[in-house]
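# Fold and geometry: a report
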Protein chains: 2
Amino acid sequence: MTRIYNFSAGPAALPVEVLEQAQRDLVDWQGAGLSVMEMSHRGKEFMGIAAQAEADLRELMQIPDTYKVLFLQGGASLQFAMVPLNLLRGRQKADYVNTGQWSKKAISEAKKYCQVNVVASSEDRNFSYVPPQSDWRLDPEAAYVHVTTNETIGGVEFDFTPDTGEVPLVADASSHILSKPIDVSRYGLIYAGAQKNIGPAGLTLVIVREDLLGHALPITPTMLDYRIQADNESMYNTPPTFAVYVAGLVFQWLKRQGGLAGMEQINIRKAQKLYGLIDSNDFYASPVAKNNRSRMNVPFTLRDPALDEGFLKEAKARGLVQLKGHRSVGGMRASIYNAMPEEGVDALVAFMREFAAQHG
Amino acid sequence: MTRIYNFSAGPAALPVEVLEQAQRDLVDWQGAGLSVMEMSHRGKEFMGIAAQAEADLRELMQIPDTYKVLFLQGGASLQFAMVPLNLLRGRQKADYVNTGQWSKKAISEAKKYCQVNVVASSEDRNFSYVPPQSDWRLDPEAAYVHVTTNETIGGVEFDFTPDTGEVPLVADASSHILSKPIDVSRYGLIYAGAQKNIGPAGLTLVIVREDLLGHALPITPTMLDYRIQADNESMYNTPPTFAVYVAGLVFQWLKRQGGLAGMEQINIRKAQKLYGLIDSNDFYASPVAKNNRSRMNVPFTLRDPALDEGFLKEAKARGLVQLKGHRSVGGMRASIYNAMPEEGVDALVAFMREFAAQHG
């Protein structure tokens, strides 16, 4: 088989070791005589798999004991509703920072349930930077402050952890979770769709400070109540068992990479190679402010958009796929999550250099 | 490898052919150089997989063109909220038939959003039968009538399709969908968690008559609005791609079994063998009225409950697992979904006969 280099923004590449392990055990998991997909979620085999996944994640992220780890469904888009449904705690308003397409969706959904204050926005410069906290107009009465710490479409990443005082900080970290160590204790809640850096689509990770739970609005569907999910260890009903299992394999793979500190070093190197090439000539350009360039999602443009199609076609012929930029931004986007090997970035950089030389 | 016979109520056994096919293609799907888990849901490979799955399901169930097929997340438990959130259509009340533990959960959740009329209940005889429709007190002003056409825990299955006139009939068919042909046009909406007869946990199937859509309550999270999901072909956000893919393999497997009519004949034979053994002696007993005995979930008791533990232990030693009854019912339960081969039922029946002879 010839594996391609897949720069998809998500669902995205998984570590080949993880896929091979899942393949070996697919029909008969560790000699148990059945597939993980066939296991009762309340049986001891799957309970063990889920417990190990949570323990490994807690170790990787150094999650304090005062936080619950939930394995849910519905993606970040469902969290856009679950956050206000659960975290208003008797308050009427919440603060949101608008840094791109995903922030906008979170804001739009929250307006169904509370008064949304957009405390800062980078829309003035087409979402190409993160507004510095000195410019935010935070409301001390807000139920929480919501940020999108990495905008998948715009390729904009926070280079600081906001300080929101007593007001809980809520982060959509879907597209850069596990790419570097973070201090979980600075957040009230962190959520992430799995299909970028965690595992297969259909799984959503929520890490939430326990004291924030138990205040869901009465209209909240039972399945969307964090407290119910926490009390049932994410098994109020049948969880997406196979996705939890694959996520667990990814966590073990991350530990073998030296944990999140080790992973961060690799990610810094990969990002530097790609941005370095982009900055080294005037054939390519990055639309993002230098200090907010995402290590995970790298949008870039070609000097002449008429060359875009040829670029994509030649890249594909070399096994470099899913490089087309999001329709709302145009140009190209290379998503280089944890599972993208450094050789994949090297191959992309080499191709880009040649393509520029040929067409520049 | 030695495959066991897994009588789990869900997640449940999958056809071994399906697992082997998923295994072959796990790292490199049909030479495309990547796993299905790594495919962008908007790329042509996955769009093709999803379209084929829907087409095969439509063919198997003969779903009219006036119905939408949705591949969602959250299980039947989330449908318990989504049904009233979407289908009240300006009305204030809904009719529910109470036939067991899952009906009760659906009723409890619906009470958050409307006035629930329990139009019939079999709680008087411990949920061991389906109340005949002649006893239902239907309300012509109800927004819909909700039934649980197969109760997974009680092992009680409808032996008729209710006639609710102009009021849409809504069915939780989680644990017997695809086990036999049904006339979809008799229903307004049918829903089912995947982890019994469809595919892996984390996928929920909804089949809904299109004219019922577009009336979600304003408090409905966007992700829970059937209309939004239908307009986006179940890709408002990233769907559970791998689960959709495996479900598609199951649909193709079902076509090879002769479709739902062929599957029904096999299921009738399997159920007759098991109930036949239960009825042929006084060592075992079925708590369910004969005409409502489920072909999928077969609860039974041993004459002496003191023998339960030994029964489970000896069964397990023979590779017959997950036979313990639900805590709310006790005794045993054998779930014999589509994927349980007839040889698995034969092995169980042979063991039960021997155990009775030994201990009877």
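Structural data are supplied above this passage.
Everything numeric here is computed off the predicted structure, so don't read it as measured data.

Calculation rules
- Residues numbered from 1 in each chain as written.
- Chains lettered and ligands numbered in written order.
- Predicted model: local features only at pLDDT ≥ 70, side-chain atom pairs only at ≥ 80, totals over all residues.
- Heavy atoms only, no water.
- Helix = DSSP H or I, 4+ residues; strand = E, 2+ residues; numbered from the N terminus.
- Rg over C-alpha atoms; globule rule 2.2 N^0.38 Å.
- Buried < 20%, exposed > 50% of the residue type's maximum accessible area, 1.4 Å probe, protein only.
- Contact = heavy atoms within 4.5 Å.
- Areas by Shrake-Rupley, 256 points an atom, 1.4 Å probe, with all protein chains shown as cover.
- Lys, Arg positive; Asp, Glu negative; His and termini not counted.
- Charge placed at Lys NZ, Arg CZ, Asp CG, Glu CD.
- Pairing = 2+ DSSP bridges.
- Axes fitted to C-alpha atoms, helices over the stretch in contact; angles between N-to-C directions.
- Parallel < 35°, antiparallel > 145°, perpendicular 65-115°, else oblique.
- Left-handed = near helix turned anticlockwise from the far one by under 90°.
- Nonpolar A, V, L, I, M, F, W, Y, C, P; charged D, E, K, R; others polar.
- Phe/Tyr/Trp six-rings, centres within 6.5 Å; stacked < 30°, edge-to-face > 60°.
- Salt bridge = Lys/Arg side-chain N within 4 Å of Asp/Glu carboxyl O.
- Polar contact = N/O pair within 3.5 Å; in protein donor to acceptor, adjacent residues only side chain to side chain.
- Least-squares fit on C-alpha atoms with pLDDT ≥ 70 in both.
- Buried area = accessible area lost by both parts, 1.4 Å probe.

From N to C terminus, chain A includes 9 helices and 14 strands. Over its C-alpha atoms chain A spans a radius of gyration of 21 Å, differing by no more than 12% from the 21 Å that the globule rule assigns to 360 residues. Taken across its 360 residues, chain A has 62% of its residues classed as buried. Within chain A, contacts between residues separated by at least 24 positions form 67% of all contacts whose residues are at least 6 apart in sequence. For chain A, the exposed area adds up to about 13300 Å²; of that, 47% sits on carbon and sulfur atoms. Where the 36 positive side-chain charges of chain A centre and where its 40 negative ones centre are 3 Å apart.

All names here are of chain B. Spatially, β11-β12-β14 is the arrangement adopted by the 3 strands of the open sheet, whose pairing is antiparallel. Where the open sheet ends on each side, the last strands, each with one partner, are β11 (284–285) and β14 (332–335). As paired strands, β11 and strand β12 (residues 297–302) are joined by 2 bridges and run antiparallel to one another. Following the sheet pairing, Tyr284 is matched in β12 by Leu302.

This next bit is on the packing of helix α1 (residues 16–24) of chain A against helix α6 (residues 241–256) of chain A. All names here are of chain A. As a packed pair, α1 and α6 sit with axes 9 Å apart at the nearest point and diverge in direction by 135°. In terms of their interaxial angle, α1 and α6 are classed as oblique. For the pair α1 and α6, the sense of crossing is right-handed. Contact with α1, carried on its side by Glu17, Val18, Gln21 and Ala22, involves Tyr245, Val246, Leu249, Val250, Trp253 and Arg256 of α6 and no other residues of that element. Tallied by class, residues from the contact of α1 with α6 come to 7 nonpolar, 1 polar and 2 charged.

What follows is about the packing of aromatic side chains. Scanning all chains against the criterion turns up 31 aromatic pairs over all chains. Ring centres of B:Phe283 and B:Tyr284 lie 4.9 Å apart, and the angle between their planes is 85°; this geometry places the pair in the edge-to-face category. Residue B:Phe283 shares its accessibility class with B:Tyr284, and that shared class is buried. One aromatic cluster is present, built from ring pairs that chain together A:Phe283, A:Tyr284, A:Phe300, A:Phe311, A:Phe351 and A:Phe355.

In this section: the pattern of salt bridges. Under the definition given, this model contains 41 salt bridges over all chains. The partner of B:Asp282 in a salt bridge is B:Arg303, with the nearest N and O atoms 3.3 Å apart. Taken as a pair, B:Asp282 in the loop between α7 (259–279) and β11 and B:Arg303 in the loop between β12 and α8 (308–317) lie far apart in primary sequence, 21 residues in all. The class for B:Asp282 is exposed, based on a relative accessible area of 59%. Each member of the salt-bridge network shares a partner with another, and the members are A:Arg269, A:Lys273, A:Glu342 and A:Asp346.

A few words on the environment of A:Ser280. Residue and element names in this part refer to chain A. Here Ser280 shows up in the loop between α7 (259–279) and β11 (284–285). Owing to a relative accessible area of 54%, Ser280 belongs among the exposed residues under this scheme. Sequence spacing of Ser280 and Arg353 is 73 residues, and the spatial spacing of their C-alpha atoms is 9.8 Å. Looking at Ser280, its side chain comes within polar contact range of the main-chain oxygen of Leu277, at 2.8 Å.

With that out of the way, let us pick up the relation of the copies chain A and chain B. Mapping chain A onto chain B is achieved by rotating through 180° and translating by 0.0 Å along the same axis, at an RMSD of 0.0 Å. With respect to symmetry, the two chain copies, as superposed, fit the operation of a two-fold axis. It is A:Gln23 whose C-alpha, among those of chain A, lies nearest the rotation axis, at 2.7 Å. Counting the interface residues of chain A, we find that 100% of their copies in chain B are interface residues as well, pointing to one common contact surface.

Turning our eyes to something else, we now look at the pairing of strand β10 (residues 204–209) of chain A. Residues and elements named next belong to chain A. The buried count for β10 comes to 5 of 6 residues, which makes it a mostly enclosed element. Examined bridge by bridge, strand β2 (residues 67–72) and β10 share 6 bridges and lie antiparallel to one another. Note that in β10 the partner of Tyr67 across the bridge is Arg209. Where strand β9 (residues 189–193) meets β10, 5 bridges bridge the pair, whose relative direction is antiparallel. Opposite Tyr191, over in β10, you have Val206 as the bridge partner.

For the rest of this paragraph, the subject is the interface of chain A and chain B. Contacts between chain A and chain B engage 62 residues on the former and 63 residues on the latter. Summed over both partners, the interface of chain A with chain B buries about 4700 Å², with 57% contributed by carbon and sulfur atoms. Taken together, the connections running from chain A to chain B amount to 2 salt bridges. With a closest N to O distance of 2.7 Å, B:Arg3 and A:Glu38 form a salt bridge. For the pair chain A and chain B, the interface holds 25 residue pairs in polar contact (both at pLDDT 80 or more). Residue assignment for the side of chain A that touches chain B shows that the elements contributing at least two residues are α1, α3 (75–87), α4 (101–110) and α6 of chain A. For the side of chain A that touches chain B, a count of residues per class yields 31 nonpolar, 21 polar and 10 charged.

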